[in-house]
Amino acid sequence: MPTKVEKDHITGTDTTGHEWDGLKELNTPLPKWWLYVFYATIAFAVVWMIIYPSLPVFGLRGTSGWVARDQIAPILAEQRARQEPMLARIRAATPAQIVADPELRAFAMVGGRVAFANNCAGCHGAGGQGAPGGFPSLADDSWIWGGSYDAIHKTIAHGVRNTEDSQARASIMPPYGQMLQPAQIADVADFVLSLSGVATGADTAALARGRQVFAENCVACHGAAGKGNQLLGAPDLSDQIWLYGGTKAEVMRQIANPRMGVMPPWGARLDPATINMLTVYVHQLGGGQ
Amino acid sequence: MSKLETREKLEPASAQPLYAARQKVYPKQVSGPVRRAKWAILIACLALYYLVPLIRWDRGPNLPDQAVLVDITNGRLFFFFIEIWPQEVYYLTGLLVLAAIGLFAATSLFGRVWCGFACPQTVWTDLFIWVERLIQGDRNARMKLDQQPWTGVWLRKKVMTHAAWLGIAMATGGAWIMYFNDALEMTPKFFTGQASVEVYFFFGLFTTTTYLLAGWAREQVCTYMCPWPRFQAAMLDENSLVVTYRAWRGEPRGKLKTDGIGDCVDCRACVNVCPTGIDIRDGQQLECIGCGLCIDACDDVMAKLGREKGLVAFETLAALARSEAAAAPVKPGPERFACGMAARTPPKFLRPRTFVYAGVLAAVVLVMLGSWVMRDTLTLSVLRDRAPLFVRLSDGGVRNAYTLKLANKTRNETGYALVLDGPRGLALVVQDAPLDAEGRPLLATKPDGITQWRALVTAPPGLRLPENVDVTFRLVDPRSGRAAETERSVFLGPKP
């Protein structure tokens, strides 16, 4: 650091004393006004941090108590108030009546799509396509608990096999692994697959044994022809849709140690108008019954 | 040592200013044919701008009856009998392309006529200068006023001028809004404070820009801000008409009745009237907007002196060069004038350049006309469901779902039958759509609106299809039986 400020004799400007290969850096400081504006912004930032919530620690809320939520709350309230007349009509109508009225139907389809994305898509997929592992597709033509407006409405409102709602859809498939021999389970699996026209390579004797086991254990819920029973939530075994997989191993596993889906009662969480809109939306996803 | 000395003699970089201070221009009043043409064009342009929103055009109930209206809220552009939807904004783009090529063509033929006569900057600046002159007097009076202390007369005249400017600017900003809102509905709302924030914002924006650009910035807009003067030189050539000083006739300039002197008496009339403050006798300049006021000013002086008009004139550079060559050996006087004028050639308008511009112009016009004539008034959009890509049905069949949107750009409410062209066996169902006599789904349209439908296409269990099959949705007009619109899509299934 040179003690005396050196002047560059060509430009007449002070140098900083830094030199690289004979080139000296000129000292051209920032304009004063720029510097003061910079200091002002620092001071402003400090004041800002005191007044407004700035650090997400120690519950620092700022002295003004300003919260962004306060800004959006009246807007949301206003939106809700604007929707209320339509929601009131939807609340009062049955899903069938909603579909019959083009205005209500258009509103319910939009509202239903939003509610579905917010609440249902997590398990049933964005387009209602379901997910492996027992989350049924809502876009196909097979309905476990029924595809009429009333049946869909009841399933959404009360849920399936939950402990929160006493009116929830409920049924239990016993674990046949404890009641039947493994050979019997294999036979009945062959028979169940044959109902859907799936060839497993089983001989007629095995199928006959399977038929016998089926008649003794399964017909009560799934019906003599394996067509299922929507009142009991017993799936149709004669169609091509398999909730837990359609290979012989998967069917045997489901017989021996059944898994059964659970769905929360949405009537306790959503308002009746939303349940109605969801019913209409879900019904049209796959063409309800 | 010697090298360093030479460098030291150079001016330091910091001593060279980066900006030139503005020299205030005080254009003097002038009269003559060019000035009259400019007034006529000014009045026509302003009348067009202010009055077009008032023109009414009956479109029937529930529709705006303003002839020219950009309806942002409802997404429609109305222009007399034309109505454009937002997705057809390319018609507007086409118009802008036409305007650009038109500008190129006009410039190559007549020089900067746009700049000098019709550009909004020129028109409003002209208007503001006229107001200024009305209140503060002509050039000399204005220059004197600016020398006075900021009291009394100065204050009164300046306040009046700026108030008048602001009034014009507000009318300009106000009229702009009327192109985006119904003028008759908006006017009372605007004055009672019921218009939207956007309306007041754009009113303020255009008021401010008009006031600043026409009142304060003026010729600096043309010289420093506008890109057009930068590249218009590419459109001009030696056969374009430009405002020129016939130096071969005027030089050497000097006092009247001096021997051996040309026609220019160096009275500076051409400089005094120039709205950009330049001297046309210096030759072609970037700042010259080609308004031709110097022509009027010079002709006036020449007439008083009993000399031929046209010392400054609209002339091509080619003609100028020929005159110059012919007049060079002749001494100043009437013979030199006759000699130079005789050598002139009339402007050549038919040139490869103008043919190219005309050709491009015609091509764009034809393309736009063609696309307008063949414009679809009914469009069908098919959006395939992506989640799920396809659905396995209980009987083993495969189903795809599609969302159909029918945009009807007419006022008629017509239904169309929907037909699916694809592999034999595919079944089409449209949810909530009635069937016509032949069992095809009948899709209703909404006048000037969009209807939406959900179509389900199902392949029966036995049908063996590849993973990806092309299908076409066809809308059939039930009266004529002809296809009104077709749209392609695909039908997806599991890997066979």
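Per chain, the residues get numbers from 1 upward, laid out in the order the sequence is written. Labels follow written order: the first chain is A, the first ligand is 1, and so on. Side-chain atom pairs in this predicted model are given and counted only at pLDDT of 80 or more, local residue features only at pLDDT of at least 70, and totals for whole chains, interfaces and linings cover all residues. Hydrogen atoms and water are omitted, and side-chain values are computed over all heavy atoms in the structure.

Enquirer: Teacher, can you tell me more about the overall build of chain B here?
Expert: Going along the chain from the N terminus, every DSSP run of H or I of four or more residues is numbered as a helix, and every run of E of two or more is numbered as a strand. A count of helical and extended segments in chain B gives 17 helices and 14 strands. Our radius of gyration is a C-alpha quantity, and the globule rule it is checked against amounts to 2.2 Å times the number of residues to the power 0.38. The C-alpha radius of gyration of chain B comes to 34 Å, more than 25% above the 23 Å expected for a compact globule of 496 residues. Once the C-alpha set of chain B is aligned to its principal axes, its extents read approximately 110 × 65 × 60 Å. Each residue is assigned to one of three classes by its accessible area relative to the maximum for its type, calculated with a 1.4 Å probe on protein chains only: buried under 20%, partly exposed between the two thresholds, exposed over 50%. Split into buried and exposed, the 496 residues of chain B put 44% on the buried side. Contact criterion: two residues are considered in contact whenever any of their non-hydrogen atoms come within 4.5 Å of each other. In chain B, 69% of the contacts between residues at least 6 apart in sequence involve partners at least 24 apart. When the accessible surface of chain B is split by element, carbon and sulfur atoms take 63% of a total near 27200 Å². Note on areas: Shrake-Rupley with a 1.4 Å probe; residue coverage comes only from the protein chains shown.

Enquirer: Looking at this structure, how should I read the interface of chain B and chain A?
Expert: Much of the literature gives interface size as the accessible area that the parts lose upon coming together. Chain B puts 16 residues into the contact, and the matching count from chain A is 18 residues. The quantity reported as buried area is the accessible area (1.4 Å probe) lost by two parts once they are put together, taken as the sum for both. Between chain B and chain A, roughly 1400 Å² of surface is buried when both sides are summed, and carbon and sulfur atoms account for 51% of that area. By convention in these notes, a salt bridge is any Lys or Arg side-chain nitrogen within 4 Å of a carboxyl oxygen on Asp or Glu. Along the contact surface separating chain B from chain A lie one salt bridge. D432 of chain B is paired through a salt bridge with R105 of chain A; the nearest N and O atoms lie 2.4 Å apart. When residues of the side of chain B that touches chain A are traced back to their parent elements, those giving at least two are α1 (2-9), β7 (391-392) and β12 (449-459) of chain B. Tallied by class, the residues present in the side of chain B that touches chain A amount to five nonpolar, four polar and seven charged. Ten residues, namely Ala, Val, Leu, Ile, Met, Phe, Trp, Tyr, Cys and Pro, are considered nonpolar, four, namely Asp, Glu, Lys and Arg, are considered charged, and the remaining ones, Gly among them, are considered polar.

Enquirer: Help me understand the domain arrangement of chain A in this model?
Expert: Residues and elements named next belong to chain A. Taken domain by domain, chain A consists of domain 1 (70-168 + 263-285) and domain 2 (176-256). In this structure, domain 1 and domain 2 have C-alpha centres spaced 33 Å apart. Area buried by domain 1 at its contact with domain 2 is led by G134, I144 and W145, which between them contribute 54% of it. Run the count over domain 1 and domain 2 and you get zero salt bridges. Pairs of N or O atoms are called polar contacts if they sit within 3.5 Å, as long as, within protein, a hydrogen donor faces a hydrogen acceptor (for residues adjacent in sequence, only side-chain-to-side-chain pairs). Our count for the contact surface shared by domain 1 and domain 2 stands at one residue pair in polar contact (both at pLDDT 80 or more). As annotated, the domain borders come from an automatic or database domain assignment.

Enquirer: How should I be thinking about the pattern of salt bridges in this particular structure?
Expert: Side chains bearing opposite charge may pair, as long as their charged atoms lie close to each other. Residues and elements named next belong to chain B. Scanning all chains against the criterion turns up 41 salt bridges over all chains. One salt bridge in this structure joins R76 and D448, with 3.1 Å as the shortest N-O distance. One end of the pair, R76, is in strand β2 (residues 76-79); the other, D448, is in the loop between β11 (442-444) and β12, and 372 residues separate them in sequence. Since its relative accessible area comes to 12%, R76 is described here as buried. The exposure class of D448 is buried, given its relative accessible area of 15%.

Enquirer: Please explain unusual backbone geometry as it appears in this structure.
Expert: Among all residues except glycine, the phi angle is most often negative; among peptide bonds, the trans geometry is most common. Residue and element names in this part refer to chain B. With an omega dihedral of -10 degrees, the bond running from E251 to P252 counts as a cis peptide bond. Within the secondary structure, P252 is located in the loop between α12 (247-250) and α13 (269-273). The omega torsion of the bond from A387 to P388 falls at -5 degrees, within 30 degrees of zero and hence cis. Position of P388 among the secondary structure elements: in the loop between β6 (378-384) and β7. Even without glycine at this site, D266 takes up a positive phi of about 55 degrees.

Enquirer: Help me out: how do you make sense of the nonpolar core in this one?
Expert: Formed by 31 residues in total, the largest nonpolar core has its most connected members in I90, I98, F116, I156 and L278 of chain A. In terms of residues, this core owes the most to one element, helix α11 (residues 272-285) of chain A, which gives eight residues. In this structure, L420, L443, V457 and L475 of chain B belong to the second largest nonpolar core, which totals 24 residues. Here, the term nonpolar core denotes a set of buried Ala, Val, Leu, Ile, Met, Phe, Trp, Tyr and Cys residues that are joined through side-chain atoms within 4.5 Å.

Enquirer: Help me understand the environment of H153 of chain A in this model?
Expert: Summarising the element assignment, H153 of chain A is placed in helix α6 (residues 149-158). Sequence-distant contacts of H153 of chain A, defined by excluding residues within four places in its chain, comprise P95, I275, N276 and T279 of chain A.

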